[in-house]
Amino acid sequence: MLKVATLKWFERALWLAAVFAFALAPAAALAPVRAQEAALPPSGMVCTTSPGPNPVFTLTARTGYISLADGNTAFMWSFSNGDEPFQYPGPVLCVNEGDNVSVVVRNTLTVPISLVFPGQAGVLADGAPVQPDLANNSLTTSIPAGGVLTYSFTASRPGTFGYQSGTNPAIQVNMGLFGALVVRPALAGGVDTAGGTPIPFGYAYGLTSTVFNADTEYLLMLSEIDPYLHTAVERGQPFDLAQYKPRYNLINGRAFPDTLAPNGASWLPAQPYGALTHIRPLDPRTTILVSGVPTANPAYYPYPALQRYLNFGYEDVPFHPHGNSGIVIGRDGYVLNDAAQGDLSFEKFTVPVAPGQSWDVTFDWRDAESFDPVVNPIPVEVPNEASVQIGAWFGSPYLGQVDTPAIVGITSFNQCGEYYHIAHSHNLTQINGWNSLMVGLITFTRVDPPLPNNCPVN
Ligand SMILES: [Cu+2]
């Protein structure tokens, strides 16, 4: 919760600088909307689904290239959905608790590959229990070049999981053979109309304490690229893993500022998943007084966002969203709630996502002190212009106020008086891309003013 009045002066200055400014201009994010991105919601987790209770997915291992935000490109291996073109990372498979899941893997690469499903028990390969394949350095039953194999399992418990190559994983996972598996609980969500505006909600696990706003569900897949490894694979040359050094750190296959671009952005044809969290202030009041009359509260917004973190790299990622701490409600597909010990969820300032881990974190933003430029002004002087870095989303320090003191030569892309908070890795080497500053593991949280507002509907 943001409490400006209690901050020291330099923290206030930093906070104001953040509200006024903190941003590089992602020119790409400002391009017009095209057909491809119109098909997906601009932000939020994009699920690939198949009808239950026996969903069948087809993942096709392909080669392709992705764009990195310093202007470089990288040769990749990744999974696409069926016959669709190359994408990175692989599709986000969303299933329901109890589903019998089949994943048909088609290998168009020139080497054997495989898939492991950490957290899933009793995985079968073409109907037989999976077996290690030592001849191919594979943890599980592998698929020869050009081959097809069907893995199947019962998604027995809800949570955030991944799938990834089990064959030469030190190389193949870094090359991009991975994706997310989200298992939804049997506990069904619904639509809350207590405030007049319908609010869809869901549950991360089979407990009502894991409720989240279904319009604000986010997945942050963390990964790394060592471009020397990728070039060696592309050229068919050996690579000494002792020399492995990640030069790029990505969220959902993108580096900042591409992380802010919408899902399905046409200028990132192989990297369809954005990483912007887009919320409104939490407000649990169903009614408010309008001229003394109790009235449905149009700003009613009682549920937090859900952020699902998955780390497919080899480095810890201490990920830190600014603006508020998150509440950790699950880890590695286990809800932090125990029959004997009760609610074990906890508040966390920085989420340390270790390699192979998943973390489920709820996140909200509250206008804790009702700052208003007239009634309740922020008790701090605006810093001297020379002390403020003015970014692309320079705006008023008051949420929802569009008018800002004009500064000659500054154009703001702030749309409706919203706030932008940075969210990034606290391992600052990871926010860079091969020594270029600020083209790494960074995204934003966007906080829109409460309804009714003038923000574009999305
Ligand atoms: Cu920070």
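Residues numbered from 1 in each chain as written. Predicted model: local features only at pLDDT ≥ 70, side-chain atom pairs only at ≥ 80, totals over all residues. Heavy atoms only, no water.

### What to know about the coordination of the copper ion
For the copper ion, every protein donor is listed as His322 (NE2) and His424 (NE2), and the spread of their distances is 2.0 Å. Taken together, the residues His322 in the loop between strand E19 (317-321) and strand E20 (326-331) and His424 in strand E27 (residues 419-425) connect sequence positions 102 residues apart. (Donors = N, O, S within 2.8 Å, 3.2 Å for Na, K, Ca; no water. Helix = DSSP H or I, 4+ residues; strand = E, 2+ residues; numbered from the N terminus.)

### A few points about the nonpolar core
Counting residues in each nonpolar core, the largest one holds 29 residues, and the members touching the most others are Ile251, Ile279, Tyr309, Phe319 and Trp359. Among the elements of the structure, strand E11 (199-203), strand E13 (217-225), strand E18 (305-311), E19, strand E25 (351-353), strand E26 (358-363) and E27 are those that each provide at least two residues to this core. Every residue in contact with Trp359, bar those within four places of it in the chain, is listed here: Gln307, Arg308, Tyr309, Val328, Gly330, Arg331, Phe346, Val351, Pro352, Val353 and Ala354. With 28 residues, the next largest nonpolar core counts Ala61, Phe75, Leu149 and Phe153 among its residues. (Core = buried A, V, L, I, M, F, W, Y, C linked by side-chain atoms within 4.5 Å. Buried < 20%, exposed > 50% of the residue type's maximum accessible area, 1.4 Å probe, protein only. Contact = heavy atoms within 4.5 Å.)

### Quick word on the state of the cysteines
On inspection of all chains with the given rule, the structure shows 2 disulfides. The disulfide that involves Cys47 links it to Cys94, with 1.9 Å between the sulfurs. In this structure, the disulfide formed by Cys47 and Cys94 twists by about -75° around the S-S bond and is classed as left-handed. Taken together, the residues span a long stretch of sequence, with Cys47 in the loop between helix H2 (35-38) and strand E1 (56-67) and Cys94 in strand E3 (residues 93-96) at a distance of 47 residues. Note on cysteine connectivity: Cys416 is disulfide-linked to Cys455, with sulfurs 2.0 Å apart. Across the S-S bond of Cys416 and Cys455 the torsion is about 85°, and the bridge reads as right-handed. Residue Cys416 is located in the loop between E26 and E27, and its partner Cys455 is located in the segment after strand E28 (442-447); the two are separated by 39 residues in the primary sequence. Note on accessibility: Cys416 and Cys455 belong to one class, buried. (Disulfide = S-S within 2.5 Å.)

### Re the sheet that holds strand E8 (residues 159-164)
Either a parallel or an antiparallel arrangement is found when strands of a sheet pair, and the pairing is made through backbone hydrogen bonds. A sheet is described by the order of its strands in space; here 3 strands give the open sequence E3-E9-E8, paired in mixed fashion. Since the sheet does not close on itself, it has two edges, and those belong to E3 and E8, each with one partner. The sheet shows a mean angle of 25° between the axes of neighbouring strands, direction not considered. Across 4 bridges, the pairing between E3 and strand E9 (residues 178-184) is parallel. Counterpart to Asn96 in the pairing with E9 is Arg184. (Pairing = 2+ DSSP bridges. Axes fitted to C-alpha atoms, helices over the stretch in contact; angles between N-to-C directions.)

### Description of unusual backbone geometry
For residues besides glycine, phi is generally negative; the peptide bonds are generally trans as well. Looking along the chain, the bond that leaves Gly52 and enters Pro53 is cis, with omega of 5°. Within the secondary structure, Pro53 sits in the loop between H2 and E1. In this structure, the amide linkage connecting Phe256 to the following residue, Pro257, adopts the cis form with an omega of 5°. With respect to the helices and strands, Pro257 occurs in the loop between strand E14 (248-251) and strand E15 (277-279). Not every positive phi belongs to a glycine, and Asp126 is a case in point at roughly 50°. Examined against the element boundaries, Asp126 turns out to sit in the loop between strand E5 (124-125) and strand E6 (128-129). Owing to a relative accessible area of 52%, Asp126 belongs among the exposed residues under this scheme.

### Focus: the confidence of the model for the protein chain
With 90% of its residues at a pLDDT of 70 or more, the protein chain shows a mean pLDDT of 89. For the stretch residues 1-37, pLDDT sits under 50, and the model shows 84 contacts to residues farther than four places along the chain or on other chains. (pLDDT = per-residue confidence, 0-100.)

### Notes on the pattern of salt bridges
The full count for this structure, using the stated rule, is 8 salt bridges. Between Glu217 and Arg308 there is a salt bridge, with the nearest N and O atoms lying 2.9 Å from each other. Here the residue Glu217 occupies a position in strand E13, and Arg308 occupies one in strand E18, the gap between them amounting to 91 residues. Just as Glu217 is buried, Arg308 falls in that class too. One salt-bridge network, in which partners are shared between bridges, spans Arg184, Glu217 and Arg308. (Salt bridge = Lys/Arg side-chain N within 4 Å of Asp/Glu carboxyl O.)

### Describing the environment of Cys416
The buried category is assigned to Cys416, whose relative accessible area is 3%. Counting along the chain gives 61 residues from Cys416 to Pro355, while the straight-line C-alpha distance between them is 38 Å. The contact partners of Cys416, leaving out residues within four places of it in the chain, are Gly400, Val402, Arg446, Asp448, Pro449, Asn454 and Cys455.

### Some words on the layout of surface pockets
Here the second largest pocket is characterised by a volume of approximately 670 Å³. As for the second largest pocket, its lining consists of 30 residues, of which Asp367, Ser370, Phe371, Leu399 and Pro450 are closest to the centre. In terms of residue class, the lining of the second largest pocket is made up of 21 nonpolar, 4 polar and 5 charged. (1 Å grid on protein atoms, 1.4 Å probe; cavity = no way out; pocket = protein on both sides within 12 Å on 5 of 7 lines; lining within 4 Å. Points joined across faces, edges and corners; volume = space filled by probe spheres on them. Nonpolar A, V, L, I, M, F, W, Y, C, P; charged D, E, K, R; others polar.)

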